Amino acid sequence: MQTMYYIGLDVHKRTISYCVKDGSGTIRAQGTIPATRFDLDHWMKTLPQPWTAAMEATVFTGWIYDHLLPHAAALKVAHPLMLRAIAAAKKKNDRIDASKICDCLRCDFLPECYMASTAIRERRRTLRYRNLLVRQMVQMKNKIGMLLMEAGVSYNKQRLHKAGYFRELLATNQDIDEGLQSLLRLCRETVVRLQRTESALVRSLERDSLLLDRMERLMTIPAVGPITALTWALEVGEVQRFSSIKKAISYCGLCGAEKSSGNTVQRTRLSKQRNKHLQTTLIEAAKMAPRNSPELAMLYDREKQKGNANRATLAVARKLVAYLVAVDRRQKEFLTVERENRTAA
């Protein structure tokens, strides 16, 4: 029987600290290498076989994971917050961190986190870039309004960002001087350019063969449009990783944390440990959902009667998560599932 070797990696932007141990915990190798593909290839040739490795999830983890995966017997990524709680110590440096990650892996005590496939991560990067463009577009629109207010110019807020009204405003309003006109035109051109780029990115994702079937199923759910479906598919990845709807709701950041001790039970506000992209998208979808679904409208009204509109919106968002999980698990359209349930009843 071959001896398995365990490797802990502490990953940084320019360097990677490593620690190689055998099953008994004896250190076989330890050091630091530059964080480049060339140096990783050279380092892997020196490793004893077979080997399994683990690293902490960081912004640099993705490409290193993809590069090492074909050569490792197994490769795991650790949850940063949970790992920090397990491996907390008075003395901390890269060499010690790599050794502790190695020990957690060797003792099967590593708090492993989900690692999406390379294809999903590449498309998720595109979607998150689209979200950045939307934020920049909103900033530019707000800047246009701010410039007009600074100059004391009256305008129609609802029509300001329509092309025809904007041209008419610049041409007819005497309070807008040449300097202000140039700034307003520059802002408007930036908004148009961002809109075109954002639309092109969304179209490319909508037509992607990897996502097409899944998106069509998800969009049969009331209030779930292309952006919500794309965000769910790319941020969640494999829905089977959630053993229950409650865990999916927690991942989306739609519930509070619990702090209990003895007979005291404390519920906090919405937890900051969540997928912020999913949380934002689902809450925005939940605000529109009661207009598109009688069932969700009833749920919203029932919760709102308790006195808090924000909690009613959260209840609708949780129901949307339940719908999304059900459709993804059963691989069937939402209307088909509803019809089958009625027949069974």
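For the structure, check the block above.
Heads up: these notes are all about the structure in this document. (Residues numbered from 1 in each chain as written. Predicted model: local features only at pLDDT ≥ 70, side-chain atom pairs only at ≥ 80, totals over all residues. Heavy atoms only, no water.)

Observations concerning the pairing of strand E5 (residues 74-78)
Defined as follows: Whether two strands pair comes down to DSSP finding at least two bridges between them. Segments assigned H or I by DSSP are reported as helices when at least four residues long, segments assigned E as strands when at least two residues long, and all are numbered from the N terminus.
In this sheet, E5 lies alongside strand E4 (residues 51-56) in parallel orientation, the contact comprising 5 bridges. Along E5, the bridge assignment pairs Ala53 with Leu75.

Describing the sheet that holds strand E1 (residues 5-11)
Defined as follows: Each axis is a line fitted through C-alpha atoms, taken for helices only over the stretch in contact, and angles between the N-to-C directions span 0 to 180 degrees. In this analysis, two residues are considered to be in contact whenever any of their non-hydrogen atoms come within 4.5 Å of each other.
As summarised here, the arrangement of the 5 strands in space is E3-E2-E1-E4-E5, forming an open sheet in which the pairing is mixed. The open sheet has two edge strands with one neighbour each: strand E3 (27-34) and E5. The sheet shows a mean angle of 20 degrees between the axes of neighbouring strands, direction not considered. Summarising the sheet, E1 and strand E2 (residues 15-21) pair through 6 bridges and their orientation is antiparallel. The residue bridging Asp10 from the neighbouring strand is Ser17, located in E2. Contacts between helix H4 (residues 94-106) and the sheet are confined to E1, E2, E3, E4 and E5, with E1 contributing the most and set at about 140 degrees to the helix.

Overview of the pairing of E4
This is how it is decided: Partly exposed residues are those whose accessible area sits between 20% and 50% of the maximum for their type, while under 20% is buried and over 50% is exposed, using a 1.4 Å probe and protein chains only. The handedness rule is simple: strands pointing away from the viewer, and a clockwise path from the first strand over the helix to the second, make the crossover right-handed.
For E4, the tally of buried residues reaches 5 of 6 residues, placing the bulk of the element in the interior. A crossover connection joins E4 to the parallel E5 through helix H2 (residues 61-68); in handedness this β-α-β unit is right-handed.

Re the packing of aromatic side chains
Note the cut-off: Pairing of aromatic rings covers Phe, Tyr and Trp, the last counted by its six-membered ring, and requires centre-to-centre distances within 6.5 Å; plane angles under 30 degrees mean stacked, over 60 mean edge-to-face, and any other angle means tilted. In our convention, an over-ring charge means Lys NZ or Arg CZ found within 6 Å of a ring centre and within 35 degrees of that ring's normal.
Under the definition given, this model contains 4 aromatic pairs. Between Phe242 and Tyr251, the aromatic rings sit 5.4 Å apart at their centres with planes inclined by 50 degrees, giving tilted as the arrangement. Between Arg188 and the ring centre of Phe166, over which it is positioned, the NZ or CZ distance is 5.9 Å. The ring centre of Tyr251 lies 4.7 Å from the NZ or CZ of Arg241, which sits over that ring.

With respect to the nonpolar core
Using the following cut-off: We define the nonpolar core as a collection of buried residues of types Ala, Val, Leu, Ile, Met, Phe, Trp, Tyr and Cys that are connected through side-chain atoms lying within 4.5 Å of one another.
Leu211, Ile221, Trp232, Leu254, Leu320 and Val321 are the most contacted members of the largest nonpolar core, which totals 43 residues. If you tally residues by element for this core, the top one is helix H13 (residues 309-330), at 11 residues. When sequence neighbours within four positions are dropped, the list of residues in contact with Leu254 reads Ile249, Leu270, Gln279, Leu282, Ile283, Leu314, Ala317, Arg318 and Val321. Of all hydrophobic cores here, the second largest spans 22 residues; its members include Leu9, Ile33, Ala53 and Ile64.

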